[in-house]
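# Fold and geometry: a report
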Number of protein chains: 2
Amino acid sequence: MSVPKNVYVAVIGTGGVGKAFLSQLEALSHRYLSSPTPKTRISLVYAARSSKAVLANAYHDPIPISSWSDSLNSSSTPPLEPPALADFLAKAPAPGRAVVIDNTSNEDIARSYPIFLSKGVSVVTPNKKAFSSDLDLWKAIFAAAANGSGPATAGYIYHEASVGAGLPIISTVKDLIETGDIITRIEGVLSGTMSFLFNSFMPIGGANGGGFSAEVRNARDLGYTEPDPRDDLNGLDVARKCTVLARLAGVPVASPTSFPVQSLIPKELENVKTGEEFVDGLPQFDAQIEAVKQEAAKEGKVLRYVGTVDVTKGECEVGLRKFDPSHPIGGLKGSDNIFSFYTKRYETSPLVIQGSGAGAEVTAMGILADFIKVCGLL
Amino acid sequence: MSVPKNVYVAVIGTGGVGKAFLSQLEALSHRYLSSPTPKTRISLVYAARSSKAVLANAYHDPIPISSWSDSLNSSSTPPLEPPALADFLAKAPAPGRAVVIDNTSNEDIARSYPIFLSKGVSVVTPNKKAFSSDLDLWKAIFAAAANGSGPATAGYIYHEASVGAGLPIISTVKDLIETGDIITRIEGVLSGTMSFLFNSFMPIGGANGGGFSAEVRNARDLGYTEPDPRDDLNGLDVARKCTVLARLAGVPVASPTSFPVQSLIPKELENVKTGEEFVDGLPQFDAQIEAVKQEAAKEGKVLRYVGTVDVTKGECEVGLRKFDPSHPIGGLKGSDNIFSFYTKRYETSPLVIQGSGAGAEVTAMGILADFIKVCGLL
C-alpha cells in the first residue's frame, strides 16, 4: 500500500474563474481520495483575492477546500507579495510539490513567475499577460522552468487556458513542435466576443437588420463584451493570443503591439470617456463597416475577425478578413473559437480545433487539466 | 549539473508506422541531447518485426537509433515472446524507465500489456485491438497500469494514436472526464476511408458522375481502402473506435460487435473470395445506395458514415446518417476525420476536433507525443 503524495496548492484570484476552479478542485480532491488506490492528496494552503488572503495554519492542517470562501471572508490578512508567497511555499514539507494557480490577469503577479519556478514551485495559469507582454518576461519564465531550460529541480509552467480556455490549443502546439512537426501557419477566430459579433453581424446566407453598432450594443447587453466594448474592439486580446501562439511556434514576437492589429474603434471615439458614450456614438460610423460588409457580400463571402500567425514568414496579423461560407472559419456559429494549424504533416488540410473559448467553467477546466498534468510530473 | 535520466525503449513493429516512429524518435533523441540542459537520454534496447528482432548487447550499449534497420536486417534472432521481453526490460538499470512501443495491430501482443505494466514497464501504442476487444482485456490493462487502478510502481499505458492518429482525441476525452465534465455524446466521421468515400460520392452541392461502386474502386486504387475494401466497408474499424471512446467515457461496451453497425457490404458479396471479385461485383448493387443518396438530396442533405456514442443512454451506433451541409460533419473534406464532443460544459455547441486521422507520419506523431508524456512521468 503506497502513500499518496501530497500536493500543496496556493490559489491567487477568486473571481468567476477562481471560484469555478476551486469548485472543480474540490470535486477532484474527493475523487482522488475516494479512489481504491489514491495517488495524490491535494492540500489547499493559500487562497487570496485582491484585498485579503488566508493561509493554512500548518502544512499538515490545510484549508478545507469546501469552505475556502468562509475562511477567506473571515480572514483579515492581506495577500502575500509574490516573493513572500514563494518563500512560504518553499517551506512546504515537499517544496517541489507546491503549485501556484494564478487566476488573475495581473501583470505584476505574472512577472513574479520566475521567482516561484526557481524555488521549485510550479505555476498553472490562464494569465495571458505572462506570455504576451515583453519577450524578456517570456524568456525569463521558460529559462526558470523545468519544462523550459531550467534545472530539473525547478517548477513547471503550464498555461493551456491562456488561449482558447479549455480547448486543447497550447498542448496541441507543444505536441506538434516536440514531435518534430513544422508549423507553417496558425489562423483562427481567437475571441469569443469577436466571433459572436461577426456571426451576428454577417451570418451565412442570412440578411441582418441591425447595423454594426446595434450588434455591439446587443453583445454588450448580453455580457459578451467587456463593460467598455473598446477593450474588445481594439483587437489587443486577439493580438495577445497570437503572440502566445507565435512564440510557442518559435517566432520571437517582441510584443502584442509589434505587428499590424486592426482596431474596430473609430478614431473619433478612441478618447471618449465611458463605454456608454462609446456605444452611443458608434451608430454614426456604421456606414464604414457596412461598406466592407457589402463588398464581402458581393463576392459571396462573409466577414470574420481573425488572428494569423505566419510562422514561415515570422509575421503576425490581426483584423477583418473575408471567408467563403464553406470555409470552417466562415461557418463558425455563436461565440465559438476556431483554431486551424497548418503544418508539414497536416499539409493538405489543417488540424482544426473548435468550441467555446471563454467562460468560467471551461477556463477553470483548462487550468485543472494542467494542474492534473503537473501533479503527475511532481 | 544534473544527469539526464535514461529511458529504455523497445519497439515492436517496423512497418510504415514503426519506421516513421523510429525516424521521429531519432530526431527527438538528438534534440534532447543537444539541449543546453538535457533531461532525458533515449536508449533503444530492442526492435522487432514479425520475423526477427535485435537486442542491445547491454543496457549501457544500446542500438544506435540511426542504424536500427541495418541492425535488424543483420540479426538472426527471432522476436522475443512478450513475457520474455517483459523480463528483459525488467532487468534494465532503472526498470521503471522502460517503455514498449507496440506499433502492430496484433491482438496477442495487446493481450500481454498487463504483463508489461505489472512489471513497471510502460506501454505506448496505436493498437486499437487492445482497447476495443473484450471488456475483460480493457479492465485487465487499466487494473495493471499506474494511470489506472494499478500501484504507483506500475507502468503507464498511453494510446492517443488508437483513435484519430495524431489528433488530440484520447487526451481530450481524458481531460474532460478527469476535470469533472459530463460527456453526453460523441459523434463523428471516425474513418479516413469512409470520409473520402462519402465526400466523393456525395460532395456538398456537387453533382457526381460515378456510382458508389466506382467511388469504392477509385478509393482502393488511390490506397484509401484496404486491399479488400470489405475490411473498411464492414464498419468494424469505426465500431472499434466507438468502443474505445465509449469505454473512456464510462460506457462499458462489451465488444465492437455488441451494438448496431451498418455494413455497406451487400449480403451477396459477403463471401466472395477476393477483394477483386468484390469490387467487380459491386456495381450491380449501386441502385440501393443511390436511392438513399437521392432521398438525402431531396431533403437538401448529404450522406455521411458516422460513429455515435450516446453516453447518456449508454449506447453506440455506426452507420449512414443524413447531415445538413452547414453541419460540421456535412462540410468535411478529403479524407479528414471529425470528432464532436457534447458535454455539460460544451453544451450549446460541441468541442470539435478535425483533421487527418490516418497515415504513418501523423500516427507516429501521436505515439511520440505519448512517449514524451510518459518520459515526463518516469
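Here the residue numbers are simple positions, counted from 1 along each chain's written sequence. Chains and ligands are labelled sequentially in the order written, the chains with letters from A and the ligands with numbers from 1. Thresholds applied to this predicted model are a pLDDT of at least 70 for local features of residues and 80 or more for the giving and counting of side-chain atom pairs; totals over whole chains, interfaces and linings are not thresholded and use all residues. Each side-chain value is worked out from all heavy atoms of the structure, with water and hydrogens disregarded.

Bringing the overall build of chain A into the picture now. When helices and strands are counted, chain A shows 15 helices and eleven strands. With the C-alpha coordinates of chain A rotated into their principal frame, the extents come out at 70 × 50 × 40 Å. Going through the 378 residues of chain A one by one, you find that 57% of them count as buried. Taking the intrachain contacts of chain A between residues at least 6 apart in sequence as the baseline, contacts between residues at least 24 apart amount to 67%. Of the roughly 14700 Å² that chain A leaves accessible, carbon and sulfur atoms contribute 53%. Charged residues are defined here as Lys and Arg on the positive side and Asp and Glu on the negative side; His and the ends of the chain fall outside this count. Where a charge sits is defined by one atom per residue type, namely NZ (Lys), CZ (Arg), CG (Asp) or CD (Glu). Side-chain charges in chain A split into 35 positive and 39 negative, and the spacing between the mean points of these groups amounts to 5 Å. Numbering goes from the N terminus for both helices and strands, where a helix is a DSSP run of H or I of at least four residues and a strand is a run of E of at least two. Using a 1.4 Å probe on the protein chains alone, a residue whose accessible area is under 20% of its type maximum counts as buried, one over 50% counts as exposed, and one in between counts as partly exposed. Contacts between residues were defined by any pair of non-hydrogen atoms, one from each residue, lying within 4.5 Å. Here the accessible surface of atoms and residues is derived via Shrake-Rupley with a 1.4 Å probe, and residues count as covered only by protein chains that are part of the display.

Attention now moves to helix 7 (residues 135–144) of chain B. For helix 7 of chain B, the full list of buried residues reads L135, L137, W138, I141, F142 and A144 of chain B. Buried-residue contacts for helix 7 of chain B involve helix 4 (107–111), helix 5 (113–118), helix 6 (129–132), strand 6 (157–158) and helix 12 (236–248) of chain B.

Here we come to the UniProt feature "domain: Aspartate/homoserine dehydrogenase NAD-binding" (unreviewed entry) in chain A. UniProt positions are given in the numbering used here, feature names are shortened, and annotations may be inferred rather than shown by experiment. UniProt marks residues 13–147 of chain A with the feature "domain: Aspartate/homoserine dehydrogenase NAD-binding" (unreviewed entry), using the numbering shown here. Segment residues 13–147 of chain A splits into 44% helix and 15% strand. End C-alpha atoms: 24 Å apart.

With that out of the way, let us pick up the domain arrangement of chain A. It is common to give the size of an interface as the accessible area that goes away when the parts come together. All names here are of chain A. Residue ranges assigned to each domain were obtained from an automatic or database domain assignment. Along its sequence, chain A is carved into domain 1 (5–166 + 362–377) and domain 2 (169–356). Counting from both sides, the interface comprises 18 residues of domain 1 and, opposite them, 20 residues of domain 2. Throughout, buried area stands for the accessible area (probe radius 1.4 Å) lost by two parts on being put together, summed over both. Buried surface at the junction of domain 1 and domain 2, summed over both partners, amounts to about 1500 Å²; 61% is from carbon and sulfur atoms. Three residues, S132, E160 and V163, lead the burial of domain 1 against domain 2; their summed loss comes to 35% of the area buried on that side. Salt bridges are identified by distance alone: a Lys or Arg side-chain nitrogen within 4 Å of an Asp or Glu carboxyl oxygen. Applying the counting criterion to the domain 1 and domain 2 interface returns one salt bridge. N or O atoms closer than or at 3.5 Å make up a polar contact, with two conditions inside protein: a donor-capable atom paired with an acceptor-capable one, and, for residues adjacent in sequence, both atoms drawn from side chains. Across the domain 1-domain 2 interface, the total number found is nine residue pairs in polar contact (both at pLDDT 80 or more). Contributions of two or more residues to the side of domain 1 that touches domain 2 are made by helix 6 (129–132), helix 7 (135–144) and strand 6 (157–158). If you tally residues by element for the side of domain 1 that touches domain 2, the top one is helix 6, at three residues. Broken down by class, the residue content of the side of domain 1 that touches domain 2 amounts to seven nonpolar, six polar and five charged. Each residue is assigned to one class: nonpolar for Ala, Val, Leu, Ile, Met, Phe, Trp, Tyr, Cys and Pro, charged for Asp, Glu, Lys and Arg, and polar for all the others, Gly among them.

Think of a sheet as strands paired side by side through backbone hydrogen bonds, with each pair either parallel or antiparallel. Residues and elements named next belong to chain A. Strands were regarded as paired on the criterion that DSSP finds at least two bridges between them. One open sheet accounts for six strands, arranged 3-2-1-4-5-6; its pairing is mixed. Unpaired on one side and paired on the other, strand 3 (53–55) and strand 6 mark the two borders of the sheet. An axis is simply a line fitted to the C-alpha atoms; with a helix, the fit covers only the stretch in contact. Between two such axes, the angle follows the N-to-C directions and lies from 0 to 180 degrees. Where helix 1 (residues 16–34) meets the sheet, its contacts fall on strand 1 (5–12), strand 2 (40–48) and strand 4 (98–102), and the angle it forms with strand 2 comes to roughly 155°.

In this model, A165 of chain A sits at a positive phi of 55°, which is unusual for a non-glycine residue. Judged by relative accessible area, A165 of chain A falls into the buried class, the value being 3%.

Residues and elements named next belong to chain A. In this numbering, the UniProt entry assigns the feature "binding site: L-homoserine" (unreviewed entry) to E226. Inspection of the secondary structure assignment puts E226 in the loop between helix 10 (212–221) and helix 11 (230–233). Once residues within four sequence positions are removed from consideration, E226 is found in contact with R220, D231 and D232.

Attention shifts here to the relation of the copies chain B and chain A. Copy-to-copy alignment: least squares on C-alpha atoms, limited to residues at pLDDT 70 or above in both. Turning chain B through 180° and shifting it by 0.0 Å along the axis lays it on chain A, with an RMSD of 0.0 Å. The superposition of one copy onto the other is thereby described by a two-fold rotation axis. The overlap is high: 100% of the interface residues of chain B also sit at the interface in chain A, so the same surface is used on both sides.

A word on the interface of chain B and chain A. With 44 residues of chain B at the interface, the matching set in chain A holds 44 residues. Both faces combined, the contact of chain B with chain A buries some 3300 Å², and carbon together with sulfur accounts for 55% of it. The largest per-residue losses of area from chain B upon contact with chain A belong to R345, Y346 and M365 of chain B, which jointly make up 17% of the total buried on that side. Between D175 of chain A and K373 of chain B there is a salt bridge whose closest N-O contact spans 3.0 Å. The interface formed by chain B and chain A contains 17 residue pairs in polar contact (both at pLDDT 80 or more). Elements represented by at least two residues in the side of chain B that touches chain A include exactly helix 1 (16–34), helix 8 (170–178), strand 11 (351–356) and helix 15 (360–377) of chain B. Tallied by class, residues from the side of chain B that touches chain A come to 19 nonpolar, 16 polar and nine charged. Relative to strand 11 of chain B, strand 11 (residues 351–356) of chain A is paired through three bridges, and the arrangement is antiparallel. Across the sheet, I353 of chain A pairs through a bridge with I353 of chain B, a residue of strand 11 of chain B.

Let us look at the packing of helix 1 of chain A against helix 15 (residues 360–377) of chain A. Geometry of a packed helix pair, given as the angle between the helix axes and the separation of the axes. All names here are of chain A. Contact pair helix 1 / helix 15: the axes reach a minimum separation of 8 Å and the direction vectors enclose 45°. With respect to helix 15, the axis of helix 1 lies oblique. As helix 1 packs across helix 15, the resulting crossing turns out to be right-handed. Contacts between helix 1 and helix 15 involve G16, V17, A20, F21, Q24, L25, L28 and Y32 from the first element and A360, E361, T363, A364, M365, I367, L368, F371 and I372 from the second. Taken together, the residues of the contact of helix 1 with helix 15 break down into 13 nonpolar, three polar and one charged. Roughly parallel covers angles under 35 degrees, roughly antiparallel covers those over 145, roughly perpendicular covers 65 to 115, and oblique covers all other angles. Take the far helix as the reference: if the near one is turned anticlockwise from it by less than a right angle, the crossing is left-handed, and if turned clockwise, right-handed.

With that settled, the discussion passes to the pairing of strand 1 (residues 5–12) of chain B. Here is the key point about a regular strand: its side chains alternate between the two faces of the sheet. All names here are of chain B. In terms of burial, strand 1 is largely enclosed, as seven of its eight residues are buried. Once the chain exits strand 1 it traverses helix 1 before rejoining the sheet at strand 2 (residues 40–48), and the crossover so formed is right-handed. Inspection of the sheet shows strand 1 paired to strand 4 (residues 98–102) by five bridges, in the parallel sense. Bridging from a neighbouring strand, V11 pairs with I101 of strand 4. A right-handed crossover is one whose linking path, passing over the helix from the first strand to the second, runs clockwise when the strands point away from the viewer.

Turning next to the side chain of N199 of chain B. All names here are of chain B. Mapped onto the secondary structure, N199 falls in helix 9 (residues 192–201). Within the structure, N199 has its side chain in polar contact with the side chain of R304 (distance 3.3 Å). From its side chain, N199 meets the backbone oxygen of G334 in a polar contact 2.8 Å long.

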